Amino acid sequence: MSTPFAVILQGLMANRGLDRRALSRASGRAESTINRLLGGTLQPTAEVLQDIAPTLEMSVADLLIIAGLPMDYDLERPGPWRTSQEIEAW
């Protein structure tokens with residue numbers, strides 16, 4: 001079962017040359033979480049989107065809109081990294 005968010009996430013990852021493992025490592029989220037998002041069996045939360053947004057080189061606000069979530073997230077909540085440049089090391 002694929003959701004619109006899962007399809008969009010797959011496209012965003014493809015555009016940036018990311019596979020599931022790279023997104024998982026760079027975002028600090030378990031690979032099983034990424035797999036469930038991509039499979040449409042897990043609906044994204046604001047916290048997950050905050051973690052994956054830098055890796056996708058997108059704003060959290062844009063991802064929240066794509067996912068259909070409200071814009072009430074914690075701007076001060078630290079993410080795993082400030083930029084996705086950490087990905088290049090893998």
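Quick note: structure is the one above.
Every value quoted in this text rests on a predicted model; they were computed, and no experiment measured them.

Secondary structure assignment for the protein yields five helices and zero strands. In the protein, the succession of α and β elements from N to C terminus is α-α-α-α-α. When each of the 90 residues of the protein is scored for burial, the buried share is 37%. For the protein, restricting intrachain contacts to residue pairs at least 6 apart in sequence, the fraction spanning at least 24 positions comes to 58%.

What follows is about the pattern of salt bridges. Tallied over the full model, the rule gives two salt bridges. For Glu-31, the salt bridge identified is with Arg-21, shortest N-O distance 3.6 Å. Placement of the pair is Glu-31 in helix 3 (residues 31-39) and Arg-21 in helix 2 (residues 20-27), with a sequence separation of 10 residues. Its relative accessible area of 44% is what places Arg-21 among the partly exposed residues.

Next up on the list: the environment of Glu-31. A relative accessible area of 30% means that Glu-31 is categorised as partly exposed. Separated by 10 residues in sequence, Glu-31 and Arg-21 place their C-alpha atoms 6.1 Å apart.

Criteria and cut-off values
Residues numbered from 1 in each chain as written. Predicted model: local features only at pLDDT ≥ 70, side-chain atom pairs only at ≥ 80, totals over all residues. Heavy atoms only, no water. Helix = DSSP H or I, 4+ residues; strand = E, 2+ residues; numbered from the N terminus. Buried < 20%, exposed > 50% of the residue type's maximum accessible area, 1.4 Å probe, protein only. Contact = heavy atoms within 4.5 Å. Salt bridge = Lys/Arg side-chain N within 4 Å of Asp/Glu carboxyl O.

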